[in-house]
Amino acid sequence: AWTLLQTQSFDLVLLHIVMPNRSGTQLLAQMKADPTIAQIPVLMVSAVEETDSIARCLELGAEDYLFKPPNAVLLKARVEA
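Bear in mind the structure is a predicted one, so any value in this text is a computation, not a measurement. The written sequence of each chain sets the order in which its residues are numbered from 1. With the structure being a predicted model, the display of local features is reserved for residues of pLDDT at least 70 and the display and counting of side-chain atom pairs for 80 or more, all residues being used for whole-chain, interface and lining totals. As a rule here, side-chain values come from all non-hydrogen atoms in the structure, and water together with hydrogens is ignored.

A. Spatial organisation of the sheet that holds strand β2 (residues 42-46). A pair of strands is considered paired only if DSSP assigns at least 2 bridges between the two. Elements are defined by DSSP. Helices are runs of H or I of four residues or more, strands are runs of E of two residues or more, and each kind is numbered from the N terminus. Spatially, β1-β2-β3 is the arrangement adopted by the three strands of the open sheet, whose pairing is parallel. Across the chains shown, the open sheet's two edge strands, defined by having one partner strand only, are β1 (13-16) and β3 (64-67). Here the average twist between neighbouring strands, direction ignored, is 30°. Relative to β3, helix α3 (residues 51-60) is tilted by about 145°, and along the sheet it contacts β2 and β3. Relative to the sheet, helix α4 (residues 72-80) contacts β1, β2 and β3, its axis offset from that of β3 by approximately 165°. Only the contacting stretch of a helix is used when fitting its axis, a line to C-alpha atoms as for every element, and angles between N-to-C directions run 0 to 180 degrees. Note on definitions: a residue-residue contact is assigned when non-hydrogen atoms from the two residues lie within 4.5 Å.

B. Quick peek at the pairing of β3. Examined bridge by bridge, β2 and β3 share four bridges and lie parallel to one another. Bridge pairing in β3 links Leu43 to Asp64.

C. Seen up close, the packing of aromatic side chains. Each Phe, Tyr or Trp ring (for Trp, its six-membered ring) is paired with any other whose centre lies within 6.5 Å, and the angle between the two planes then decides the class: stacked below 30 degrees, edge-to-face above 60, tilted in between. Following the criterion strictly, the structure yields one aromatic pair and no others. With a centroid separation of 5.6 Å and 65° between ring planes, the pair formed by Tyr65 and Phe67 is classed as edge-to-face. Accessibility here uses a 1.4 Å probe with only protein chains present; expressed as a share of the type maximum, an area under 20% marks a residue as buried, one over 50% as exposed, and anything in between as partly exposed. With a relative accessible area of 6%, Tyr65 lands in the buried category. Given the relative accessible area of 35%, Phe67 is considered partly exposed.

D. Summary view of the packing of helix α2 (residues 24-33) against α3. The geometry of α2 relative to α3 is characterised by a closest axis approach of 9 Å and an angle of 15° between their N-to-C directions. Viewed along their axes, α2 and α3 adopt a mutual orientation that is roughly parallel. Relative to α3, α2 is oriented so that their crossing is left-handed. Residue-level inspection shows Thr25, Leu28, Ala29 and Lys32 of α2 in contact with α3, the latter providing Arg56, Cys57 and Leu60. Across the contact of α2 with α3, the residue classes tally to four nonpolar, one polar and two charged. Each angle is binned into one of four classes, with values under 35 degrees roughly parallel, values over 145 roughly antiparallel, values of 65 to 115 roughly perpendicular, and all other values oblique. Rotating anticlockwise by less than a right angle from the far helix to the near helix defines a left-handed crossing, while the corresponding clockwise rotation defines a right-handed one. Throughout, the ten residues Ala, Val, Leu, Ile, Met, Phe, Trp, Tyr, Cys and Pro are labelled nonpolar, Asp, Glu, Lys and Arg are labelled charged, and all others, Gly among them, are labelled polar.

This is the structure in structure tokens:
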């Protein structure tokens with residue numbers, strides 16, 4: 001994911017928290033620390049429903065946090081927002 005973010009252009013990133021090699025939270029922090037990609041909006045999508053995890057993602061700069069599986073209507077509204 002990190003290589004793709006550095007080599008391609010994205011309008012929006014849907015990021016899962018549980019990923020191999022690096023957590024979505026770690027990748028989110030790395031994205032927001034890099035001025036070349038920090039402006040890309042990030043929606044976290046995860047089955048993790050812990051309040052601390054949600055708060056941490058929002059503190060790191062995620063635009064929103066959706067629970068898996070996301071409701072199609074809600075996902076569409078969040079993407080359009």
